[in-house]
Structure formats: C-alpha cells, structure tokens
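# Structure assessment
Each chain, letter by letter, is given below.
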Amino acid sequence: INCDSSHENNVLMKFKEDVHNFAHKDRSVAFYAKRQYLSPKHFSRLIKKACGSKPLEIIEEYVILEAKSLLLTGKYSIKQVCEMLGFSNYSFFSRYFKNAIGMSPGEFLRSE
C-alpha cells in the first residue's frame, strides 16, 4: 500500500491525540500502534516520516511537559505528580525525568 502524506498525517494526529489521552497509562509504542491497527515498526516509520521524530520521543516530550507543568503549579508534590502520570514508583519517574532533561524533578523545581 502506498501511503500518501495525508495518511501519515492522520496517523500522526491520532497518535498525538492518543498520547494526550493515554500517556499517563501507557508509554509504549506498541500500545499506540495497536490503537491504529498497525505494527509498531510500520507505525514508527509513519510517525518518523510525518514529523521527523520517533514515537517514543513524542511520548517522552509530552510526559515531561506534563510533569513540568504539574510540578510548576506548586499544587502537587513530586510523588503526586509521579502517581498522576502513572509511574509505578518514584525512582523510576525520577530517572525518566532526569534522562530527559538532565536533572531530577527536585533539581528542576529548585532551578525554577
């Protein structure tokens, strides 16, 4: 099947919508590919072609932006943000955050 750019864009738009709705539950490429009845490999290719980024990068970017904005409200503890974003434990969340932006959630808050 020849995928025209409108198909790729449709896949990308649906993916971004799904990330918004499900990133707090699932951060695996397979989950999002399955929601569009595509193999993870084909799905990844379509997303990369449509926007130049890998699906995991888009998911991570969304999760980190969400984490930052929740932390910056000052309404929630780091542990609460961790739970709100569906991380199984604090140390995993802290590592995920640090890998993405180069500092822990606590360091991020102190730097703001």
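Details of the structure are given in the entry above.
Reference entry: report on the structure contained in this document. (Residues numbered from 1 in each chain as written. Predicted model: local features only at pLDDT ≥ 70, side-chain atom pairs only at ≥ 80, totals over all residues. Heavy atoms only, no water.)

For the chain, the count of helices and strands is seven helices and zero strands. Of the regular secondary structure in the chain, the N- to C-terminal order runs α-α-α-α-α-α-α. Dimensions along the principal axes, computed over C-alpha positions, put the chain at roughly 50 × 25 × 20 Å. Burial status across the chain gives 35% buried among its 112 residues. Long-range contacts, defined as pairs at least 24 residues apart, comprise 52% of the intrachain contacts of the chain with a sequence gap of at least 6. Summing over all exposed atoms, the chain offers an accessible surface of approximately 7,000 Å²; the carbon and sulfur share of this is 53%. (Helix = DSSP H or I, 4+ residues; strand = E, 2+ residues; numbered from the N terminus. Buried < 20%, exposed > 50% of the residue type's maximum accessible area, 1.4 Å probe, protein only. Contact = heavy atoms within 4.5 Å. Areas by Shrake-Rupley, 256 points an atom, 1.4 Å probe, with all protein chains shown as cover.)

Here we take up helix H6 (residues 90–101). The α-helix advances 3.6 residues per turn, and as a result positions three or four apart in sequence lie on the same side. With 12 residues, H6 should cover 16 Å at 1.5 Å per step; its first-to-last C-alpha distance of 16 Å lies within 8% of that length. Those residues of H6 that are buried are in contact with helix H4 (55–73), helix H5 (78–84) and helix H7 (105–111). (Expected span 1.5 Å × (residues − 1).)

Turning our eyes to something else, we now look at the packing of H4 against H6. For any two helices packed against each other, one specifies the crossing angle of their axes together with the interaxial distance. For the pair H4 and H6, the least separation of the axes is 10 Å and the interaxial angle reads 110°. Between H4 and H6, the angle falls in the class roughly perpendicular. Two secondary-structure elements touch here, H4 through Ile59, Glu60, Val63, Ile64, Ala67, Lys68 and Leu71 and H6 through Phe93, Tyr96, Phe97, Ala100 and Ile101. Residues of the contact of H4 with H6, tallied by class, amount to 10 nonpolar, no polar and two charged. (Axes fitted to C-alpha atoms, helices over the stretch in contact; angles between N-to-C directions. Parallel < 35°, antiparallel > 145°, perpendicular 65-115°, else oblique. Nonpolar A, V, L, I, M, F, W, Y, C, P; charged D, E, K, R; others polar.)

Quick look at the packing of aromatic side chains now. Throughout the structure, instances matching the rule amount to 10 aromatic pairs. Each ring, one from Phe97 and one from Phe108, has its centre 5.6 Å from the other, and the planes form 65°; the classification is edge-to-face. Placement of Phe97 in helix H6 and of Phe108 in helix H7 is noted, with a sequence separation of 11 residues between them. In terms of burial, Phe97 and Phe108 fall into one category: buried. Pairwise contacts between aromatic rings join Phe87, Phe92, Phe93, Tyr96, Phe97 and Phe108 into one cluster. A cation over an aromatic ring shows up here: Arg27 above the ring of Phe87, its NZ or CZ 3.7 Å from the ring centre. Above the face of the Tyr96 ring, Arg27 is positioned so that its terminal group lies 5.8 Å from the ring centre. (Phe/Tyr/Trp six-rings, centres within 6.5 Å; stacked < 30°, edge-to-face > 60°. Lys NZ or Arg CZ within 6 Å of the ring centre and 35° of its normal.)

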